Amino acid sequence: MKQWILFLVVAVLAAGCKDEYDDSEVRLDISALEQRMEAVEKLCEEMNTNIGALQALVNALEEKDFVTRVAPVMRDEEVVGYTIVFEKAEAVTIYHGEKGEDGTEPVIGVKQDEDGMYYWTVDGEWLLADDEKVRTEGKEGVTPRLKVEGGYWYVSYDGEASWERLGAATAEGGEAMFKEVTYDEYSVYFTLADGTTLTLPMRSKLDIAFAETEGIACLPGKSVALAYTVTGGDEGTQIECLGDKGWDAEVSGKLEGTLTVTAPNPMTEGKVLVFATNGAGQVAMKALRFTEGVLSLVSDAYELYAEGGTVDVEVNTDISYDLYIPEEAREWIALHPETRAEM
């Protein structure tokens, strides 16, 4: 037998010397195999990411957390998933896909049982450990892990201490864990492969915005009105303000309104703090800092003629102001219609 094997090897070598051996097909097969394995490994990585994200979604439901932002994940100019940002918990990334033809990867999901708790499923059936359903959320919740070994899928639900073999591993498609992700201004809807939909409330981050917050010009003893807008607020939103060192403030409005700030006389280096609190207990704060403004006339006196006419009164200022004409003077003096607004 050994001689026969040796003869075959020599015959092949001899043939190789005589006619050059073409191994291009073999190389192509090896390259295709490597690409399939890379695809399977990438698929496994994304599935484990989805499993962790799915558990985070269920935990968010239990903790009554909110989604504050949904950001698309792009790959080759195509949306392949979403990053979900929570109000309290850490952000997670999920990947979605479409159903393929002959995929064999396991479909991990969750279902709510009669006790109101969520449990893991595999291919639509309860994931069992010692004949008991495996909890998804809470202190008893575990995170299943997938791996590919020897051409097969394996799942672990005890922290990778043991593995259970599932089906043959391919990357030919199959049912995506997340079938669809949609959202509106109120909620985010996560539809799983089996049709189960998890709905989480959406809320914008609370904020209160002013056109400016630093170096706001104001005259001693005078008031300045500042418009504000609140985002992420609700019907329970409250606006409060607090001034120090003689600065006084009063708010008018709710989600939109005006903050009227009165400076002390003489001026001091103080500030006004504005707080917005919504019904969920979120708090947003802005600090407004002021500087002494300038308001002066270029000339203290102007020469007028009996027949009347137009007189330009130049003002140097960095604050907004109102022009006031006393009642007793309104018969003989008036604001020219073409007077520039900035004056």
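Computed from a predicted model, the values in this text were never measured in an experiment.

**Looking at the overall build of the protein**
Then, in step 1: Each helix and strand in the protein was counted, giving two helices and 24 strands.
Then, in step 2: When the 343 residues of the protein are sorted by exposure, 29% land in the buried category.
Then, in step 3: Expressed as a percentage of contacts within the protein between residues at least 6 apart in sequence, the contacts between residues at least 24 apart total 51%.
Then, in step 4: For the protein, the accessible surface area stands at approximately 22,500 Å², while carbon and sulfur atoms represent 49% of it.

**Observations regarding the side chain of Thr-237**
Then, in step 1: With respect to the element layout, Thr-237 can be found in the loop between strand E17 (223–231) and strand E18 (238–243).
Then, in step 2: A polar side-chain atom of Thr-237 sits 2.7 Å from the main-chain amide nitrogen of Asp-234.
Then, in step 3: The contact partners of Thr-237, leaving out residues within four places of it in the chain, are Val-230, Lys-254, Leu-255, Thr-277, Asn-278 and Gly-279.

**Some remarks on the sheet that holds strand E6 (residues 125–126)**
Then, in step 1: With respect to topology, three strands assemble into an open sheet ordered E4-E5-E6, the strand pairing being antiparallel. At either margin of the open sheet sits one strand with a lone partner, and together these are strand E4 (108–112) and E6.

**Regarding the sheet that holds strand E1 (residues 67–75)**
Then, in step 1: Ordered by their spatial adjacency, three strands build an open sheet running E1-E2-E3, and the pairing between neighbours is antiparallel. This sheet does not close on itself; its edge strands, each paired only once, are E1 and strand E3 (92–95). Sheet twist, expressed as the average angle between the axes of neighbouring strands with direction ignored, equals 25 degrees.
Then, in step 2: Strand direction decides the pairing type here: strand E2 (residues 78–86) and E3, joined by four bridges, are antiparallel. In the strand pairing of E3, Gly-81 is matched with Tyr-95.

**Digging into the confidence of the model for the protein**
Then, in step 1: Predicted confidence across the protein gives a mean pLDDT of 79, with 78% of residues reaching 70 or more.
Then, in step 2: Confidence, expressed as mean pLDDT per element, reaches its minimum in the protein at helix H1 (residues 2–18) with 43 and its maximum at strand E20 (residues 256–262) with 95.
Then, in step 3: Counting contacts from residues 1–15, a segment whose pLDDT is below 50, to residues more than four positions away or on other chains yields zero contacts.
Then, in step 4: Predicted confidence is poor over residues 98–103, with pLDDT under 50, and the contacts of this stretch with residues over four places away or in other chains come to 14 contacts.

**Some points on unusual backbone geometry**
Then, in step 1: The omega torsion across Asn-265 and Pro-266 is 10 degrees, close enough to zero to call that bond cis.
Then, in step 2: Looking at the element boundaries, Pro-266 is found in the loop between E20 and strand E21 (271–277).
Then, in step 3: The backbone of Lys-64 shows a phi angle near 55 degrees, a positive value even though the residue is not glycine.
Then, in step 4: Relative to the assigned elements, Lys-64 resides in the loop between helix H2 (24–63) and E1.
Then, in step 5: Residue Lys-64 is classed as exposed on the basis of its relative accessible area of 65%.
Then, in step 6: In this structure, Glu-160 takes a positive phi of about 70 degrees despite not being glycine.

**A few points about the pattern of salt bridges**
Then, in step 1: For the coordinates displayed, the defined rule picks out eight salt bridges.
Then, in step 2: With a closest N to O distance of 3.2 Å, Lys-147 and Glu-149 form a salt bridge.

**Focus on the pairing of E21**
It is a general feature of regular strands that their side chains alternate between the two faces of the sheet.
Then, in step 1: In E21, alternate side chains face the same way, and those of Val-272, Val-274 and Ala-276 are buried while those of Lys-271, Leu-273, Phe-275 and Thr-277 on the opposite face are not.
Then, in step 2: Looking at chain direction, E18 and E21 are connected through six bridges and run antiparallel. By the bridge assignment, Leu-242 is partnered in E21 with Leu-273.
Then, in step 3: Relative to strand E22 (residues 283–292), E21 runs antiparallel, the two being bridged by seven bridges. Opposite Leu-273, over in E22, you have Ala-287 as the bridge partner.
Then, in step 4: Here E21 hands over to E22 after five residues, with Gly-281 in that stretch at a positive phi of 90 degrees.

**Points about the side chain of Asn-278**
Then, in step 1: Position of Asn-278 among the secondary structure elements: in the loop between E21 and E22.
Then, in step 2: Looking at Asn-278, the relative accessible area reads 3%, which means it is buried.
Then, in step 3: Within the local environment of Asn-278, its side chain forms a polar contact with the backbone oxygen of Gly-232, the two atoms lying 3.3 Å apart.
Then, in step 4: Ignoring anything within four residues of it in the chain, the contact list for Asn-278 reads Arg-203, Leu-206, Gly-232, Gly-233, Asp-234, Gly-236 and Thr-237.

**Regarding the packing of aromatic side chains**
Then, in step 1: All told, the structure shown has four aromatic pairs when counted by the stated rule.
Then, in step 2: Measuring from centroid to centroid gives 4.8 Å for Trp-247 and Phe-290, while their planes differ by 20 degrees, and the two rings are stacked. Here the residue Trp-247 occupies a position in the loop between E18 and strand E19 (248–253), and Phe-290 occupies one in strand E22, the gap between them amounting to 43 residues.
Then, in step 3: Exposure remark for Trp-247: the relative accessible area of 5% places this residue in the buried category.
Then, in step 4: With a relative accessible area of 10%, Phe-290 lands in the buried category.
Then, in step 5: Over the face of the ring belonging to Tyr-154 we find Lys-147, whose NZ or CZ atom lies 5.7 Å from the ring centre.
Then, in step 6: Positioned above the aromatic ring of Tyr-152, the side-chain terminus of Arg-165 is 4.0 Å from the ring centre.

**Observations regarding a nonpolar patch on the surface**
Then, in step 1: The grouping of Leu-297, Tyr-302, Leu-304, Val-311, Val-313, Trp-332 and Ile-333 at the surface amounts to a nonpolar patch, some 660 Å² of accessible area in total.
Then, in step 2: On the secondary structure map, Tyr-302 appears in the loop between strand E23 (295–297) and strand E24 (315–317).
Then, in step 3: The exposure class of Tyr-302 is partly exposed, given its relative accessible area of 33%.

What counts and how
- Residues numbered from 1 in each chain as written.
- Predicted model: local features only at pLDDT ≥ 70, side-chain atom pairs only at ≥ 80, totals over all residues.
- Heavy atoms only, no water.
- Helix = DSSP H or I, 4+ residues; strand = E, 2+ residues; numbered from the N terminus.
- Buried < 20%, exposed > 50% of the residue type's maximum accessible area, 1.4 Å probe, protein only.
- Contact = heavy atoms within 4.5 Å.
- Areas by Shrake-Rupley, 256 points an atom, 1.4 Å probe, with all protein chains shown as cover.
- Polar contact = N/O pair within 3.5 Å; in protein donor to acceptor, adjacent residues only side chain to side chain.
- Pairing = 2+ DSSP bridges.
- Axes fitted to C-alpha atoms, helices over the stretch in contact; angles between N-to-C directions.
- pLDDT = per-residue confidence, 0-100.
- Salt bridge = Lys/Arg side-chain N within 4 Å of Asp/Glu carboxyl O.
- Phe/Tyr/Trp six-rings, centres within 6.5 Å; stacked < 30°, edge-to-face > 60°.
- Lys NZ or Arg CZ within 6 Å of the ring centre and 35° of its normal.
- Patch = residues over 30% accessible without salt bridge, like charges linked within 9 Å, V, L, I, M, F, W, Y side chains within 5 Å.

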